[in-house]
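# Fold and geometry: a report
Here is how the chains run, residue by residue.
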Amino acid sequence: MEHFDDLETRSAEAREAALMAALPDVVARAQEKTAGFGEILAGVDAAEVTDRAALAALPVTRKADLIERQKAAPPFGGLAALAPGEAAHLFASPGPIYEFEGPRQGFWRLERALFAAGLRPGDIVHNCFSYHLTPGGWMLDGAARGLGCAVIPGGVGNSEHQVQAIAHLRPSAYIGTPDFLKVLLDKGQEMGLDCSSITRALVSGGALFPELRQAYAERGVAVLQCYATADLGLIAYESEAREGMILDEEIIVEILRPGTGDPLPEGEVGEVVVTTLNPDYPLVRFATGDLSAILPGQSPCGRTAPRIKGWMGRADQATKVKGMFVQPAQVAAVLKRHGEIGRARLVVTRDGDADAMTLHCEVETGADAALVAAIAESLKACCKVTGGVEAVAPGSLPNDGKVIDDQRSYG
């Protein structure tokens, strides 16, 4: 079993100690080098942020707020620790959200994911992420070249030309979205061109459904996936064990109750929040808006970092009820008032021609009428909308991170 470096096989205790030792410097750099975090973390003593409990007390900064932050403080919302002219590349993603690549090799740390997918120095890689304004193509291009691979910058579309290049240049690996590889392989078959040199692939940016992965395996292509963003770089990646996604070695990941800053225990589904050690973009408690959960134990491949289940949906579940926005943070506020509640889910339906909502609460000891009435009052106070309350047995609500379940149909 080969690994990218020794960090992947160090003990869990050594990893946690190293990450926590680096944390005060990350917080201090964010405070001192960025105007945005200078405001967000005002009054925080960086030297005291030395463990997860101290980290959990810091504010959460949400990716969902980047558009407004960047409008108010262009170009990067006051969160970057370098000037735009010091960057290697500047990007514009849909939204629009603006991102950058710093001048350091390995800026996004995706080499680790490529190595786990079987790529090695001397391989030829066909890169089908977009190179036009958005960062995906450049993220994987730089990582593949950093690993010692040659890159064919295929980008998106123009499948006939791409297939001709594959047949002639004989790349051993594909990088891109899960679906586009099938487009290329089918086009090659249609044109009578040999694309069988591709035997490995690393995909991202979309769902890799089990039946699609199996279909690729039947065509001789072993496909693994990774989870990365342009803000944070690599978050997690699959190994040959294909049992969850292994967290990168240079980030600190928390799983939070959606709409809050509160960490959840192992196994509970919540929002993925990341603190990165990147000195050029020192993001502290940066909420991705994605749902996942920490898996127990370690990967059979020998890598010892924690694992997540992978992408499990979006944490932003805000909806309108009776003309009022109701958000996960408001539901979380109800739970904070009543420690008896475990999991909870606000179910929104229609009652005739009117909206209705009911908070389903797991209560360990059962709920009497007085507790139900008290929770209902809290629900009205926190959400500004009247709703019902239904006590349910512990463990009866799905562990899927869903806080608001809007079941209304407008068809």
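Residues numbered from 1 in each chain as written. Predicted model: local features only at pLDDT ≥ 70, side-chain atom pairs only at ≥ 80, totals over all residues. Heavy atoms only, no water.

Under the definition given, this model contains 30 salt bridges. In this structure, Glu8 and Arg303 form a salt bridge, with 2.9 Å as the shortest nitrogen-oxygen distance. Taken together, the residues span a long stretch of sequence, with Glu8 in the segment before helix 1 (12-33) and Arg303 in the loop between strand 14 (294-295) and strand 15 (307-308) at a distance of 295 residues. Given the relative accessible area of 0%, Glu8 is considered buried. In this structure, Glu249 engages Arg15 in a salt bridge whose closest nitrogen and oxygen atoms are separated by 2.8 Å. Here Glu249 is found in the loop between strand 10 (245-247) and strand 11 (251-256), whereas its partner Arg15 is found in helix 1, with 234 residues between them in sequence. We classify Glu249 as buried; its relative accessible area is 3%. One salt-bridge network, in which partners are shared between bridges, spans Asp5, Glu8, Arg109, Arg112, Glu240, Asp248 and Arg303. (Salt bridge = Lys/Arg side-chain N within 4 Å of Asp/Glu carboxyl O. Helix = DSSP H or I, 4+ residues; strand = E, 2+ residues; numbered from the N terminus. Buried < 20%, exposed > 50% of the residue type's maximum accessible area, 1.4 Å probe, protein only.)

Moving on, we come to the packing of aromatic side chains. All told, the structure shown has seven aromatic pairs when counted by the stated rule. Between the aromatic rings of Phe107 and Trp108, the centroid separation amounts to 5.2 Å while the plane-to-plane angle is 85 degrees, which identifies the pairing as edge-to-face. In this structure Trp108 comes out as buried when scored by relative accessible area, which is 4%. For the ring pair Tyr131 and Trp138, a centre distance of 5.3 Å and an interplane angle of 75 degrees mean the geometry is edge-to-face. The exposure class of Trp138 is partly exposed, given its relative accessible area of 28%. What links up through ring pairs into an aromatic cluster is the set Phe76, Phe91, Phe100, Phe107, Trp108 and Tyr281. (Phe/Tyr/Trp six-rings, centres within 6.5 Å; stacked < 30°, edge-to-face > 60°.)

Looking now at the environment of Leu23. Inspection of the secondary structure puts Leu23 in helix 1. By relative accessible area, Leu23 is classed as buried at 0%. When the C-alpha atoms of Leu23 and Gly122 are compared, they prove to be 36 Å apart, with 99 residues separating the residues in sequence.

Attention now goes to the sheet that holds strand 21 (residues 404-406). Taken together, the four strands give an open sheet; going across it, the order is 20-19-18-21, and neighbouring strands pair in mixed fashion. Edge strands, defined here as strands with exactly one partner in the open sheet, are strand 20 (388-392) and strand 21. In this sheet, adjacent strand axes meet at a mean angle of 25 degrees when their direction is disregarded. Direction of pairing for strand 18 (residues 341-351) relative to strand 21: parallel, over a ladder of three bridges. In the sheet register, Val347 faces strand 21, and the bridge partner there is Asp405. Sitting on the sheet, helix 10 (residues 328-337) is in contact with strand 18, strand 19 (354-363) and strand 21, with an inclination near 130 degrees to strand 18. Those strands touched by helix 11 (residues 369-383) are strand 18, strand 19 and strand 20, and its axis lies near 125 degrees from that of strand 19. (Pairing = 2+ DSSP bridges. Axes fitted to C-alpha atoms, helices over the stretch in contact; angles between N-to-C directions. Contact = heavy atoms within 4.5 Å.)

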